[in-house]
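Results of the structural survey
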Amino acid sequence: MVGPGSAIIIGTVALLIFGPKKLPELGKAMGSTLREFKNATKGLAEDEEDTKKVDVVKKEEK
């Protein structure tokens, strides 16, 4: 975990590197990337659950 002191240092370094105009754009891009990743992994988990359900039904039919 990142403590409050470390978070301040990381934020300051990011501000110095990217500048105040670029940081909101980077935050927005990171948020949309994480959202897409979450949706993709959720879809994979649902597909896996569906596959397991089909396998169970097939075994019960035998």
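Residues numbered from 1 in each chain as written. Predicted model: local features only at pLDDT ≥ 70, side-chain atom pairs only at ≥ 80, totals over all residues. Heavy atoms only, no water.

A separate point is the overall build of the chain. A tally of helices and strands in the chain yields 2 helices and 0 strands. Classification of the 62 residues of the chain by burial places 2% in the buried group. Total accessible area on the chain is roughly 5900 Å²; 65% of this is exposed by carbon and sulfur atoms. (Helix = DSSP H or I, 4+ residues; strand = E, 2+ residues; numbered from the N terminus. Buried < 20%, exposed > 50% of the residue type's maximum accessible area, 1.4 Å probe, protein only. Areas by Shrake-Rupley, 256 points an atom, 1.4 Å probe, with all protein chains shown as cover.)

To continue, consider helix H1 (residues 4–18). Its 15 residues place the ends of H1 21 Å apart at the C-alpha level, agreeing with the 21 Å of an ideal helix rising 1.5 Å per residue. Backbone geometry just downstream of H1 places Gly 19 in the positive-phi region, at approximately 85 degrees. (Expected span 1.5 Å × (residues − 1).)

Side-chain pairs of opposite charge can arise where the charged atoms are in close proximity. Counted according to the given criterion, the structure contains 1 salt bridge. Of the charged contacts, one joins Glu 25 and Lys 22 as a salt bridge, the two residues approaching to 3.6 Å between their closest N and O atoms. Overall, the relative accessible area of 41% leaves Lys 22 in the partly exposed class. (Salt bridge = Lys/Arg side-chain N within 4 Å of Asp/Glu carboxyl O.)

Let us look at a nonpolar patch on the surface. A cluster of nonpolar side chains, Ile 9, Val 13, Ile 17, Phe 18 and Leu 26, forms an exposed patch at the surface whose accessible area comes to about 470 Å². Ranked by residues supplied to the nonpolar patch, first place goes to H1 with 4 residues. (Patch = residues over 30% accessible without salt bridge, like charges linked within 9 Å, V, L, I, M, F, W, Y side chains within 5 Å.)

So far we have only geometry, and geometry alone does not tell us how the molecule works.
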